[in-house]
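Residue-level listing of the chains:
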Amino acid sequence: MIASDDRLIVAMDVPNVVAGLELARVLGDSVSFYKIGLGMLTGGGLALANELKQEHGKRIFLDMKFFDIGATVEAAVRGIAQFDLDFLTVHGDPHVVRAAREGAGGSDMKILAVTILTSLDRADLDASCIKPGNIADLVQERAGIALMNGADGVIASPQEAALIRALPEAAGKLIVTPGVRPAGAALGDQKRVMTPAQAIANGADHVVVGRPIWQAENPRAAAQSIIAEMASPQARRPD
């Protein structure tokens, strides 16, 4: 049996608490870390996060991607911090990160800054009037700014993980990578992707995988396959 590895975060992109608890039951002790996102919020996502954390001993990444004026972000994060969850996402704009840091206070919850969503490419950024430039360069710049403003880590494509890891500001900080797909898996709505081994080798601390696990015929086996890949020689970082 392959032991769980909390470098793997399973995205619980299922409709509601009932489906979430069933997925956790199927995955059992093969998975120790779950991501619960905005799409699950109205389906009881916060209640599910608390149940998995408090009753099942799982680590929880609450992926809310907060973005608002500073006072609102600070209040929202302060409210979330009371639940003793592990990771929370906010957008990487400096005023948002600073407010989130204040809201987190002395809790152990890590504030992770979103750089550029892994579902976006340069054409998407152009359509949103984002300044010109190579996406990798923009991600690295936004990551550095977020870390300097108090983020505990960043969310970034595995394609940019090595660039971020090279930043002086990234020393001791977390890099969490969505946009991870095992070899042969469908890309879905992701555009900047790599395999789990590639992401770890590039400097990621955690990889987030959703559909390739919960849509698999055998989700537990799919999770264990990813864990095995992360432990393979291909996942070793260059010296």
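Residues numbered from 1 in each chain as written. Predicted model: local features only at pLDDT ≥ 70, side-chain atom pairs only at ≥ 80, totals over all residues. Heavy atoms only, no water.

(A) Focus on the overall build of the protein. Each helix and strand in the protein was counted, giving ten helices and eight strands. In summary, the protein has a C-alpha radius of gyration of 17 Å against a globular reference of 18 Å for 239 residues, a match within 12%. Of the accessible surface of the protein, which amounts to about 10600 Å², a share of 55% is contributed by carbon and sulfur atoms. Positive and negative side-chain charges in the protein, numbering 23 and 28 respectively, have mean positions lying 2 Å apart. (Helix = DSSP H or I, 4+ residues; strand = E, 2+ residues; numbered from the N terminus. Rg over C-alpha atoms; globule rule 2.2 N^0.38 Å. Areas by Shrake-Rupley, 256 points an atom, 1.4 Å probe, with all protein chains shown as cover. Lys, Arg positive; Asp, Glu negative; His and termini not counted. Charge placed at Lys NZ, Arg CZ, Asp CG, Glu CD.)

(B) Representation of the layout of surface pockets within the structure. Taken as a whole, the second largest pocket spans an internal volume of roughly 290 Å³. The wall of the second largest pocket is formed by 13 residues, among which Thr115, Ile116, Leu125, Ile130 and Arg142 lie closest to the centre. Elements with a contribution of two residues or more to the lining of the second largest pocket: helix H5 (122-127) and helix H6 (135-148). Within the lining of the second largest pocket, the residues separate by chemical class into six nonpolar, three polar and four charged. (1 Å grid on protein atoms, 1.4 Å probe; cavity = no way out; pocket = protein on both sides within 12 Å on 5 of 7 lines; lining within 4 Å. Points joined across faces, edges and corners; volume = space filled by probe spheres on them. Nonpolar A, V, L, I, M, F, W, Y, C, P; charged D, E, K, R; others polar.)

(C) Local environment of the packing of helix H3 (residues 70-81) against helix H4 (residues 94-104). In the contact formed by H3 and H4, the axes pass within 7 Å of each other and the chain directions differ by 35 degrees. Taken as a pair, H3 and H4 cross one another with a handedness that is right-handed. Facing H3, whose interface residues are Gly70, Val73, Glu74, Val77, Arg78 and Ala81, H4 presents His95, Val96, Ala99, Ala100, Glu102, Gly103 and Ala104. Broken down by class, the residue content of the contact of H3 with H4 amounts to seven nonpolar, three polar and three charged. (Axes fitted to C-alpha atoms, helices over the stretch in contact; angles between N-to-C directions. Left-handed = near helix turned anticlockwise from the far one by under 90°. Contact = heavy atoms within 4.5 Å.)

(D) Region of the structure containing the sheet that holds strand S4 (residues 87-91). Spatial ordering of the closed barrel is given by S1-S2-S3-S4-S5-S6-S7-S8, a layout of eight strands whose pairing is parallel. Between one strand and the next, the sheet's axes are offset by a mean angle of 25 degrees, whatever the strand orientation. Relative to the sheet, H3 contacts strand S3 (59-66), S4 and strand S5 (110-114), its axis offset from that of S3 by approximately 165 degrees. (Pairing = 2+ DSSP bridges.)

(E) View of the pairing of strand S8 (residues 206-209). By the alternation rule, side chains of S8 split into His206 and Val208 and Val207 and Val209, which are all buried. Of the strand pairs in this sheet, strand S1 (residues 8-11) and S8 are connected by three bridges, and their pairing is parallel. Note that in S8 the partner of Ile9 across the bridge is Val208. Bridge count for strand S7 (residues 174-177) against S8 is two bridges, and the pairing is parallel. Across the sheet, residue Val176 finds its bridge partner in S8, namely His206. (Buried < 20%, exposed > 50% of the residue type's maximum accessible area, 1.4 Å probe, protein only.)

(F) Spatial organisation of unusual backbone geometry. Positive phi values are uncommon outside glycine, yet Lys65 reaches one of about 50 degrees. You can call Lys65 partly exposed: its relative accessible area is 30%.

(G) Region of the structure containing the packing of aromatic side chains. Considering all chains together, one arrives at two aromatic pairs under this definition. Centroid distance Phe33 to Phe87: 5.1 Å. Interplanar angle 50 degrees. Geometry classified as tilted. Here the residue Phe33 occupies a position in strand S2 (residues 33-37), and Phe87 occupies one in strand S4, the gap between them amounting to 54 residues. The buried category is assigned to Phe33, whose relative accessible area is 0%. Through a chain of ring-to-ring contacts, the aromatic side chains of Phe33, Phe61 and Phe87 assemble into a single cluster. (Phe/Tyr/Trp six-rings, centres within 6.5 Å; stacked < 30°, edge-to-face > 60°.)

(H) Here's a closer look at the environment of Asp86. Among the secondary structure elements, Asp86 is positioned in the loop between H3 and S4. In this structure, the C-alpha to C-alpha distance between Asp86 and Lys58, residues 28 residues apart in sequence, is 9.7 Å. Among all residues touching Asp86, those that are not within four sequence positions of it are Phe33, Lys53, Lys58, Arg59, Ile60, Asp108, Met109 and Lys110. A polar side-chain atom of Asp86 sits 2.9 Å from a polar atom in the side chain of Lys53. (Polar contact = N/O pair within 3.5 Å; in protein donor to acceptor, adjacent residues only side chain to side chain.)

(I) Structural view of the pattern of salt bridges. Tallied over the full model, the rule gives 14 salt bridges. Ionic pairing is found between Lys65 and Asp63, a salt bridge with its closest N-O pair at 2.8 Å. Asp63 gets classed as buried once you look at its relative accessible area, which sits at 8%. One salt bridge connects Glu74 with Arg78, and the closest N-O pair in it is separated by 2.6 Å. (Salt bridge = Lys/Arg side-chain N within 4 Å of Asp/Glu carboxyl O.)

That's the geometry; what it means functionally is another story.
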